[in-house]
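Per-entry structural report
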Amino acid sequence: MTLRLRIFLFNLISVFLATFVVAIIGLKIVESTVVDSTYERLTQIRIAKTTAIENYFRDLQMAVNLISSHELTDDLLASNKTESHPEFRRLLDNYVLDFNIYDMALINPKGTILYTTRKDIEDGTSVYTGLQKGSKLKELFVWALKAQEGSTLFLDFDKDIVNPKIATGYVTSPIYRDGHFIGVVILKISISEVDRITSDNFAWATHGMGQTGETLIYGEDWSLRNTGRFRVEGSDTKNPQLEAEVLSSNRGDEDIKKIENLDRKSTRLNSSHTDISR
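Residues numbered from 1 in each chain as written. Predicted model: local features only at pLDDT ≥ 70, side-chain atom pairs only at ≥ 80, totals over all residues. Heavy atoms only, no water.

1. Section: the nonpolar core
Grouped together as the largest cluster of nonpolar side chains are 32 residues, with contacts concentrated most on Leu92, Leu106 and Leu187. If you tally residues by element for this core, the top one is helix α1 (residues 3-69), at 7 residues. The contacts of leucine 92, once residues within four sequence positions are left out, are Ile67, Leu76, Met104, Leu106 and Tyr115. Counting 13 residues, the second largest nonpolar core, distinct from the first, contains Ile113, Leu137, Tyr170 and Ile186. (Core = buried A, V, L, I, M, F, W, Y, C linked by side-chain atoms within 4.5 Å. Buried < 20%, exposed > 50% of the residue type's maximum accessible area, 1.4 Å probe, protein only. Helix = DSSP H or I, 4+ residues; strand = E, 2+ residues; numbered from the N terminus. Contact = heavy atoms within 4.5 Å.)

Laid out in structure tokens, this is it:
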């Protein structure tokens, strides 16, 4: 091999290697840009969803304050008749619809339930003697008896005693007038409402989440507080009998570790995390 040929081959290999290195660097820059852009978009969506969830709980607190401060609440709680004040009862029904509440109860100081929206528990039932085993109402009422004026308790989502196929949580507050305890307001909320907020009413793709993106909320125990996209899309939600079960999954049915390890075990994940405050 002549010296000229050796120099030519050396230069050719050098050019090839330089081109290869430049190409690799270019690909890394493009990949990094795409990852950064994806993360930025995910962060924007995460901030929007966090704000929406926090606003939902603020709205629930507003509903508690609105009901607690209404003058007709005093009259209803002072009455022993379960059918008294029908117009105010209709107004309470509208509050439940307006604030996307699953159910609501008003209980007088003796522990008698004077109003519920869904009537899963009959008005006039005592929290001490007439409730189904496992009901949370007695526990919430006893807490309210000892609670300070203006305090609010959130009881985390768990399997619902009336309908075990769904998970529900509670927002509770004592009602005071001029320093005197006059009753308790209890809001019952469903995970299905959280699902609709986090999924933009199950329209992930049209709201920037592509074909696989989703928003997941999980607690300190790592179990989900909403229903994952793959569970919804993999189920027959067109069947009304199955929809409630799918969209209101029991807390603990799925957890964030299982979701990440199994549903996407062969896929690289991009994610953005934050805490939710109430």
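Having seen the model, we can carry on.
2. Looking at the pairing of strand β2 (residues 113-116)
Sheet faces and side chains relate simply in a regular strand, where the side chains alternate between the two faces. Pairing of strand β1 (residues 103-107) with β2, which is carried by 3 bridges, proceeds in the antiparallel orientation. Residue pairing for β2: isoleucine 107 is matched across the bridge by isoleucine 113. Remark: 5 residues form the turn of the hairpin made by β1 and β2, two consecutive strands paired antiparallel; glycine 111 in that turn has positive phi of roughly 90°. (Pairing = 2+ DSSP bridges.)

3. A short note on the layout of surface pockets
Of the voids in this model, the second largest pocket is the one considered here, and its volume is about 210 Å³. Elements represented by at least two residues in the lining of the second largest pocket include exactly β1 and β5 (180-190). The residue inventory of the lining of the second largest pocket, partitioned by class, reads 10 nonpolar, 5 polar and 3 charged. (1 Å grid on protein atoms, 1.4 Å probe; cavity = no way out; pocket = protein on both sides within 12 Å on 5 of 7 lines; lining within 4 Å. Points joined across faces, edges and corners; volume = space filled by probe spheres on them. Nonpolar A, V, L, I, M, F, W, Y, C, P; charged D, E, K, R; others polar.)

4. Quick look at the side chain of serine 126
Summarising the element assignment, serine 126 is placed in the loop between β2 and α4 (137-146). With a relative accessible area of 19%, serine 126 lands in the buried category. Not counting residues up to four positions away in its chain, the partners in contact with serine 126 are Gly111, Thr112 and Leu131.

5. A short note on the environment of serine 84
Here serine 84 shows up in the loop between α2 (71-78) and α3 (86-98). Each C-alpha atom, one on serine 84 and one on tyrosine 115, is 9.8 Å from the other, the two residues being 31 residues apart in sequence. Leaving out residues up to four positions away in the same chain, serine 84 has contacts with Ser79 and Arg89. A polar contact of 3.0 Å, which involves the side chain of serine 84, links it to the backbone oxygen of lysine 81. (Polar contact = N/O pair within 3.5 Å; in protein donor to acceptor, adjacent residues only side chain to side chain.)

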